[in-house]
Amino acid sequence: MSRMDVTEKIVAAKVAKGLKWSDVAAKVGLSKEWVTAACLGQMTLTAEQAGVVGEIFGLTAEEKKWLMVVPYKGSLPTSVPTDPLIYRFYELINVYGTTFKELIHEEFGDGIMSAIDFKMDLQREPDPKGDRVSITMSGKFLPYKTY
């Protein structure tokens, strides 16, 4: 058994039960973005959270323990993603990554945006020309230290 096995079981149960990630998140009591990442093996759940997720997806006690193990983060199977939706984010970073870097450094100085002290919100934005995807990301600025 591995964390990947548990992730696959969660996804299979989600499909079989016709669940939405937002419904799972509501039961866990956290954002749909964080709970989805956790269920897909990218975050560590507490015992209480693992209990809720385990109940929703019919996990065994051993499988729930895997939800509490710190995962190896990074879930893409290849360095250049082949899934069209994920590839567009790769493309976005290739095109705008240097712009993000320049503007963040200009505004904040030499440092990075944290992916640890981070939050995200994904919403549908109705538009008469075709609905839009709105993703807001907010990460704490971490300046490089001198020593």
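Whatever comes next refers back to the structure up there.
Description of the structure in this document. (Residues numbered from 1 in each chain as written. Predicted model: local features only at pLDDT ≥ 70, side-chain atom pairs only at ≥ 80, totals over all residues. Heavy atoms only, no water.)

1. Description of the layout of surface pockets
Vacant regions in the atomic arrangement are exposed by a probe of water-molecule size rolled over the atoms. Reported here for the largest pocket is a volume of approximately 2200 Å³. Lining of the largest pocket is provided by 41 residues; of these, Ala37, Gln42, Ser75, Phe89 and Met120 occupy positions nearest its centre. Those elements that place two or more of their residues in the lining of the largest pocket are α1 (3-17), α3 (32-39), α6 (84-108), β1 (111-125) and β2 (132-143). Top element by residues in the lining of the largest pocket is α6. It accounts for 10 residues. Grouping the constituent residues of the lining of the largest pocket by class yields 27 nonpolar, seven polar and seven charged. By volume, the second largest pocket is sized at about 240 Å³. In terms of lining, the second largest pocket is formed by Gly97, Phe100, Lys101, Ile104, His105, Asp110, Gly111, Ile112, Met113, Met137 and Tyr144. Only α6 and β1 provide two or more residues apiece to the lining of the second largest pocket. Sort the elements by how many residues they give to the lining of the second largest pocket and α6 lands first, with five residues. In terms of residue class, the lining of the second largest pocket is made up of six nonpolar, three polar and two charged. (1 Å grid on protein atoms, 1.4 Å probe; cavity = no way out; pocket = protein on both sides within 12 Å on 5 of 7 lines; lining within 4 Å. Points joined across faces, edges and corners; volume = space filled by probe spheres on them. Helix = DSSP H or I, 4+ residues; strand = E, 2+ residues; numbered from the N terminus. Nonpolar A, V, L, I, M, F, W, Y, C, P; charged D, E, K, R; others polar.)

2. Let's talk about the pairing of β2
Side-chain positions along a regular strand alternate between the two faces of the sheet. Bridge analysis of β1 against β2 gives 11 bridges, and the strand direction is antiparallel. What sits directly across from Met113, in β2, is Phe141. Linking β1 back to β2 in an antiparallel pair, the connection comprises six residues, with Gly130 at a positive phi of about 125°. (Pairing = 2+ DSSP bridges.)

3. Focus: the packing of aromatic side chains
To describe a pair of aromatic rings, you give the distance between the ring centres and the angle between the ring planes. Counted according to the given criterion, the structure contains three aromatic pairs. Centroid distance Trp21 to Phe57: 6.3 Å. Interplanar angle 55°. Geometry classified as tilted. Taken together, the residues span a long stretch of sequence, with Trp21 in helix α2 (residues 21-28) and Phe57 in helix α4 (residues 47-57) at a distance of 36 residues. Judged on exposure class, the residue Trp21 and its partner Phe57 are both buried. For the ring pair Tyr87 and Tyr90, a centre distance of 5.6 Å and an interplane angle of 40° mean the geometry is tilted. You can see Tyr87 and its partner Tyr90 sitting in helix α6, three residues apart, about one turn around the helix. Note on Tyr87: relative accessible area 28%, which makes it partly exposed. For Tyr90, a relative accessible area of 29% puts it in the partly exposed group. (Phe/Tyr/Trp six-rings, centres within 6.5 Å; stacked < 30°, edge-to-face > 60°. Buried < 20%, exposed > 50% of the residue type's maximum accessible area, 1.4 Å probe, protein only.)

4. Comments concerning the pattern of salt bridges
Applying the stated rule across the entire model yields four salt bridges. The closest approach of N and O atoms between Asp131 and Arg124, which form a salt bridge, is 2.7 Å. (Salt bridge = Lys/Arg side-chain N within 4 Å of Asp/Glu carboxyl O.)

5. Overview of the packing of α2 against α3
Axes are the key here: two packed helices are described by the angle between their axes and the distance separating the axes. Between α2 and α3, the least distance of the axes is 8 Å, while the angle of their chain directions is 100°. Between α2 and α3, the angle is such that the two are roughly perpendicular. Two secondary-structure elements touch here, α2 through Trp21, Ser22, Val24, Ala25 and Val28 and α3 through Lys32, Val35, Thr36 and Cys39. Of the residues in the contact of α2 with α3, the class split is six nonpolar, two polar and one charged. (Axes fitted to C-alpha atoms, helices over the stretch in contact; angles between N-to-C directions. Parallel < 35°, antiparallel > 145°, perpendicular 65-115°, else oblique. Contact = heavy atoms within 4.5 Å.)

6. Topic: the side chain of Ser114
The residue Ser114 is located in strand β1 in this model. Here Ile116 takes part through its backbone nitrogen, which lies 2.9 Å from a polar atom of the side chain of Ser114. Once residues lying within four places of it in the same chain are set aside, the contact partners of Ser114 are Gly139, Lys140 and Leu142. (Polar contact = N/O pair within 3.5 Å; in protein donor to acceptor, adjacent residues only side chain to side chain.)

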